[in-house]
Amino acid sequence: DGGITQSPKYLFRKEGQNVTLSCEQNLNHDAMYWYRQDPGQGLRLIYYSQIVNDFQKGDIAEGYSVSREKKESFPLTVTSAQKNPTAFYLCASSKDTDSNQPQHFGDGTRLSIL
Amino acid sequence: AQSVSQHNHHVILSEAASLELGCNYSYGGTVNLFWYVQYPGQHLQLLLKYFSGDPLVKGIKGFEAEFIKSKFSFNLRKPSVQWSDTAEYFCAVNPDTGRRALTFGSGTRLQVQP
């Protein structure tokens with residue numbers, strides 16, 4: 001079955017440490033997205049990529065970085081500059097960047113600070 | 001920048017009651033509108049979407065939504081809820097121009113009591 005795989009499901013970070021969240025899709029989608037979900041705040045866009053080797057900042061990009069070297073993969077690094085990283089992170093993809101295209105979501109990664 | 005408001009943060013209903021969840025957005029141009037649902041322990045799934053044509057759209061599991069352009073609204077409805085509808089519901093918009101990424105509302109947690 002095609003879909004989006006996020007790993008790990010749970011991740012713990014020590015103070016001052018960078019961590020990378022994995023997102024892989026086998027849907028042959030061009031566009032990929034990273035969201036952060038906090039209770040009562042819905043989903044907020046961190047970064048998105050419309051095509052390989054290109055990505056754009058979202059609404060809350062500070063303290064995060066991404067790469068898009070392959071169509072299938074869009075890893076997110078939470079750097080030590082992100083002061084409040086504890087959250088649920090969701091990766092999504094869509095066929096292309098037409099605004100009527102729905103996004104497909106992964107199961108998420110829950111990041112906690114030790 | 002566009003924004004999405006969901007005024008009902010937590011709704012508790014008994015089975016067979018009717019449901020209406022409000023969604024208002026702020027954007028002056030053409031938008032595409034989505035409702036997503038997140039069942040406990042599951043990933044976000046598309047419930048329904050609107051991008052043109054009949055402003056009353058039907059989705060999965062008996063849900064429907066009505067786009068009222070003059071009110072900038074896209075309310076979700078279901079005539080008779082079931083216990084299995086217990087979930088969190090998110091409204092999202094994607095404008096036809098500019099940034100091609102979803103902006104989500106803060107979500108509404110629906111609890112259906114048997």
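Structure: above.
Some remarks on the interface of chain B and chain A
Argument step 1. Listed per partner, the contact involves 21 residues of chain B and 24 residues of chain A.
Argument step 2. Counting every contact that joins chain B to chain A gives zero salt bridges.
Argument step 3. At the boundary of chain B with chain A, the tally comes to four residue pairs in polar contact (both at pLDDT 80 or more).
Argument step 4. Every element with two or more residues in the side of chain B that touches chain A is listed here: strand 5 (31-38), strand 6 (45-50) and strand 10 (87-95) of chain B.
Argument step 5. Residues of the side of chain B that touches chain A, tallied by class, amount to ten nonpolar, six polar and five charged.

A closer look at the nonpolar core
Argument step 1. Within the largest apolar cluster, 28 residues are counted, with the highest numbers of intra-cluster contacts made by B:L33, B:W35, B:L47, B:L48, B:F74, B:L76 and B:Y89.
Argument step 2. Looking at this core, the elements that each hand over two or more residues are strand 2 (10-14), strand 3 (19-21), strand 5, strand 6, strand 8 (64-68), strand 9 (73-78), strand 10 and strand 12 (108-113) of chain B.
Argument step 3. When neighbours within four sequence positions are excluded, B:L48 is seen to be in contact with B:L33, B:F34, B:W35, B:V57, B:K58, B:G59, B:F63, B:E64, B:A65, B:F74 and B:L76.
Argument step 4. Of all hydrophobic cores here, the second largest spans 19 residues; its members include A:L21, A:I46, A:F74 and A:L76.

Focus: the pattern of salt bridges
Argument step 1. Counted under the stated rule, the structure contains nine salt bridges over all chains.
Argument step 2. Among the salt bridges present, the one from A:D38 reaches A:R36, with a minimum N-O distance of 2.8 Å.
Argument step 3. The buried category is assigned to A:R36, whose relative accessible area is 4%.
Argument step 4. A salt bridge links B:D85 to B:K78; the nearest nitrogen and oxygen atoms lie 2.9 Å apart. In terms of burial, B:D85 and B:K78 fall into one category: buried.

Here we look at the side chain of B:Q38
Argument step 1. Here B:Q38 shows up in strand 5.
Argument step 2. B:Q38 gets classed as buried once you look at its relative accessible area, which sits at 13%.
Argument step 3. Side-chain polar atoms of B:Q38 contact the side chain of A:Q37, separated by 3.1 Å.
Argument step 4. Those residues in contact with B:Q38 that sit more than four places away from it in its chain are A:Q37, A:F88, B:H43, B:L44, B:A87, B:E88 and B:F90.

Some thoughts on the state of the cysteines
Residues and elements named next belong to chain A.
Argument step 1. The full count for this structure, using the stated rule, is two disulfides over all chains.
Argument step 2. Here C23 pairs with C91 through a disulfide, and the sulfurs are 1.9 Å apart. Its torsion about the S-S bond being -75 degrees, the disulfide of C23 and C91 is classed as left-handed. Residue C23 is found in strand 3 (residues 19-25), and its partner C91 is found in strand 9 (residues 87-94); the two are separated by 68 residues along the sequence.

What about the side chain of A:Q25?
Residue and element names in this part refer to chain A.
Argument step 1. Among the structural elements, Q25 can be located in strand 3.
Argument step 2. Classification of Q25 by relative accessible area gives buried; the value is 4%.
Argument step 3. A polar contact of 3.0 Å, which involves the side chain of Q25, links it to the backbone nitrogen of L27.
Argument step 4. For Q25, the side chain forms a polar contact with the main-chain nitrogen of N28, separated by 3.2 Å.

Topic: the packing of aromatic side chains
Argument step 1. Counting across every chain of the model gives 14 aromatic pairs over all chains.
Argument step 2. For the pair A:Y33 and A:Y48, a centre-to-centre distance of 6.3 Å together with 15 degrees between the ring planes defines the contact as stacked. In this pair, A:Y33 sits in strand 4 (residues 31-38) while A:Y48 sits in strand 5 (residues 42-51), placing the two residues 15 residues apart along the sequence. The same class applies to A:Y33 and to A:Y48, which are both buried.
Argument step 3. Among the aromatic residues, those joined into a ring-pair cluster are A:Y33, A:Y35, A:Y48, A:F105, B:F34, B:Y36, B:F90 and B:F104.
Argument step 4. Between the NZ or CZ atom of A:R68 and the centre of the ring of A:F74, over which it lies, the distance is 6.0 Å.

Description of the pairing of strand 9 of chain A
Where a strand is regular, its side chains alternate between the two sheet faces.
Residue and element names in this part refer to chain A.
Argument step 1. Counting buried residues in strand 9 gives eight out of eight residues, a clear majority hidden from the surface.
Argument step 2. On strand 9, burial covers both faces: A87, Y89, C91 and S93 on one face and F88, L90, A92 and S94 on the other are all buried.
Argument step 3. For strand 4 and strand 9, the ladder comprises seven bridges, and the chain directions are antiparallel. Within the sheet, the bridge partner assigned to Y35 lies in strand 9 and is L90.
Argument step 4. Of the strand pairs in this sheet, strand 9 and strand 11 (residues 109-113) are connected by three bridges, and their pairing is antiparallel. Following the sheet pairing, F88 is matched in strand 11 by R110.
Argument step 5. With two bridges connecting them, strand 9 and strand 10 (residues 104-105) associate as antiparallel partners. Looking at strand 10, one finds that A92 is bridged to F105.

About the cut-offs
Residues numbered from 1 in each chain as written. Chains lettered and ligands numbered in written order. Predicted model: local features only at pLDDT ≥ 70, side-chain atom pairs only at ≥ 80, totals over all residues. Heavy atoms only, no water. Contact = heavy atoms within 4.5 Å. Salt bridge = Lys/Arg side-chain N within 4 Å of Asp/Glu carboxyl O. Polar contact = N/O pair within 3.5 Å; in protein donor to acceptor, adjacent residues only side chain to side chain. Helix = DSSP H or I, 4+ residues; strand = E, 2+ residues; numbered from the N terminus. Nonpolar A, V, L, I, M, F, W, Y, C, P; charged D, E, K, R; others polar. Core = buried A, V, L, I, M, F, W, Y, C linked by side-chain atoms within 4.5 Å. Buried < 20%, exposed > 50% of the residue type's maximum accessible area, 1.4 Å probe, protein only. Disulfide = S-S within 2.5 Å. Phe/Tyr/Trp six-rings, centres within 6.5 Å; stacked < 30°, edge-to-face > 60°. Lys NZ or Arg CZ within 6 Å of the ring centre and 35° of its normal. Pairing = 2+ DSSP bridges.

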